[in-house]
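Below, each chain spelled out in residue letters.
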Amino acid sequence: MAKPAAIMDLYGRPMAALTKDQRLTLQGGDLGYHVAANASGKTVTMSSALTVSAVWACISRSAQAMAALPIDIYRKTAAGREKLSGPLDDLIGLSPNSDQTPVEFWEGMLSWLLATGNAYAEIDWINGRAAALLPVPSTQVRPIRNTVTNELMYELRDPGSARPRVIPQREMLHLRGWGFGGDEGMSPIRWGTQSLGAAMAADEASGKMFGSGMQASGVLKSNQRLDDAQRGQLQKIMESYSGSTRAGKLMILEAGLEFEQLTLNPDDAQMLETRRFSIEEVCRWFGVPPMVIGHSAEGQTMWGTGVEQIFLSWMQLGINPVLKKIEQRIRKALIPLREQRDTYAEFNREAMLQMDSKAKAEFLRAMTTNGIMSRDEARDKLNLQRRGGAADDLMVQTAMSPIDMLNERI
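As the structure is a computational prediction, the values presented were derived from the model and not from experiment.

Asker: Please explain the side chain of S48 as it appears in this structure.
Answerer: Tracing the backbone shows S48 in helix α2 (residues 46-49). Discounting chain neighbours no more than four positions away, the residues touching S48 are T43 and M200.

Next comes the structure, spelled out in structure tokens:
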């Protein structure tokens, strides 16, 4: 057997000569390790970053929203396009592998993509067609180049295996996140380590403040000295006024006692404001509007037309580019080269309207009254049975027609 060509990194250095830190840098952020220093002193890994609620929400909301969209295979025709049914359509939209549903598969792939900038799945080819997509954790894969052929390959470190496997590009579905055009996408957790470290430090500080700090709701003041027995009696009396079920109960004070309510001091209030700012910082790194994860700026409402426009902007600038990346990667990696010109995959973005009955009604009305879609096609969108006959004809809304023509069909 011929000796395999030496494996080099993207800069022409032998992989065996690289230090551990250099290997981690090439991996785009192996999130099982400390990947970058930050001023907070916190070790930012994927596991630690997910303890920040904003990180969890940004990744889960985006991944779930995109994974829930139907995806199908289409072919361009002289009349427009036709939906194809076959092994590839079943693979990406019905059963990616023996264990996962399509939503589970794409949700996992998108979660890795959003967190690490890369998502990987091994392609199981049988008789020249892709038969299964087997997801692989991004932290176990590293793109490498053959110095002789410049062919892109992937080094996979299987758990429990002493040596990594080298997988050719044809056998790996690789989704890249935003980047500068290299072989890897860029990880927001790795490059956002300063913001994430600050958020983790603020969470830890607030937890310690409320967990072990003195946070009494008020104090009792007296101009007399109390002995131990009187303090115990007074404590029992005050317990009868604590708890939500005793709210509004009239308190009787005697012997010169006065109750003074305590408020949060300015330093603690400033720390809580820092936590609010950290949420917005995390959202910037993941490209998710704070509204999507249930956070609003000071004085901003969570409802109204302004919020609706924010959601539309997120769909156009945040969700749509990611979906387009996946569609083009499926076309390049899973569809034979001779068919790529006419055959393609596409997510059904209209499914985002399913939960907005008003928007969906407006969309269908515009499509049918302008002759773009028949009423039967509109009923298909609502999963209703077709009526046939005139309901399958394209019609347009008219105005000022002669009354004699109202009962005539053109």
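Asker: Just to check I follow, could you spell out the sheet that holds strand β4 (residues 118-126) for this structure?
Answerer: Sheet strands pair via backbone hydrogen bonds, and the direction of the pair is either parallel or antiparallel. Reading across the sheet, the 3 strands line up as β5-β4-β9 and stay open at both edges, with antiparallel pairing between neighbours. For this open sheet the edge positions go to β5 (129-136) and β9 (172-176), each flanked by a neighbour on one side alone. Mean inter-strand twist for the sheet, computed between neighbouring axes without regard to direction, equals 30°. Strand direction decides the pairing type here: β4 and β5, joined by 7 bridges, are antiparallel.

Asker: So what exactly am I meant to see when it comes to the pairing of strand β6 (residues 141-146) here?
Answerer: For a regular strand, the rule is simple: side chains alternate between the two faces of the sheet. With 5 of 6 residues buried, β6 is to be regarded as a mostly interior element. Where β6 meets strand β7 (residues 152-156), 5 bridges bridge the pair, whose relative direction is antiparallel. From the neighbouring strand, I144 faces β7, where its bridge partner is M153. Taking the residues between adjacent antiparallel strands as the criterion, β6 and β7 are bridged by 5 residues, where N150 takes a positive phi near 60°.

Asker: Would you mind showing me how to read the sheet that holds strand β2 (residues 71-77) here?
Answerer: Strand order in the open sheet formed by 3 strands is β3-β2-β12, with antiparallel pairing between adjacent strands. Looking along the sheet, the strands with just one partner apiece sit at the ends: β3 (80-84) and β12 (343-347). On average, each strand axis in the sheet is inclined to that of its neighbour by 40°, with strand direction left out of account. Sheet analysis places β2 next to β3, joined by 5 bridges and oriented antiparallel. Bridge pairing in β3 places Y74 opposite K83.

Asker: Got a minute to help me understand the packing of aromatic side chains in this structure?
Answerer: What describes a pair of aromatic rings is the distance from one ring centre to the other and the angle between the planes of the rings. Summed over the entire model, instances satisfying the criterion amount to 5 aromatic pairs. Ring centres of F105 and W106 lie 4.9 Å apart, and the angle between their planes is 75°; this geometry places the pair in the edge-to-face category. An aromatic cluster of three or more residues is present, and its members are F105, W106 and F347. The ring of Y74 has R81 sitting right over it, with the charged end atom 3.8 Å from the ring centre.

Asker: Sorry, what's going on with the pattern of salt bridges here?
Answerer: Close approach of charged atoms lets side chains of opposite charge pair. Scanning the entire structure with this criterion turns up 11 salt bridges. R145 serves as the salt-bridge partner of D183, at 2.8 Å between the closest nitrogen and oxygen. One end of the pair, D183, is in the loop between β9 and α6 (188-191); the other, R145, is in strand β6, and 38 residues separate them in sequence. Classification of R145 by relative accessible area gives partly exposed; the value is 22%. The shortest N-O distance in the salt bridge between R284 and E281 comes to 2.6 Å. Placement of both R284 and E281 in helix α9 (residues 266-286) is noted, with a separation of 3 residues, approximately one turn of the helix. Connected via shared salt-bridge partners are E122, D158 and R165.

The rules behind the values
Residues numbered from 1 in each chain as written. Predicted model: local features only at pLDDT ≥ 70, side-chain atom pairs only at ≥ 80, totals over all residues. Heavy atoms only, no water. Helix = DSSP H or I, 4+ residues; strand = E, 2+ residues; numbered from the N terminus. Contact = heavy atoms within 4.5 Å. Pairing = 2+ DSSP bridges. Axes fitted to C-alpha atoms, helices over the stretch in contact; angles between N-to-C directions. Buried < 20%, exposed > 50% of the residue type's maximum accessible area, 1.4 Å probe, protein only. Phe/Tyr/Trp six-rings, centres within 6.5 Å; stacked < 30°, edge-to-face > 60°. Lys NZ or Arg CZ within 6 Å of the ring centre and 35° of its normal. Salt bridge = Lys/Arg side-chain N within 4 Å of Asp/Glu carboxyl O.

Purely geometric stuff here, so don't read any function into it on its own.
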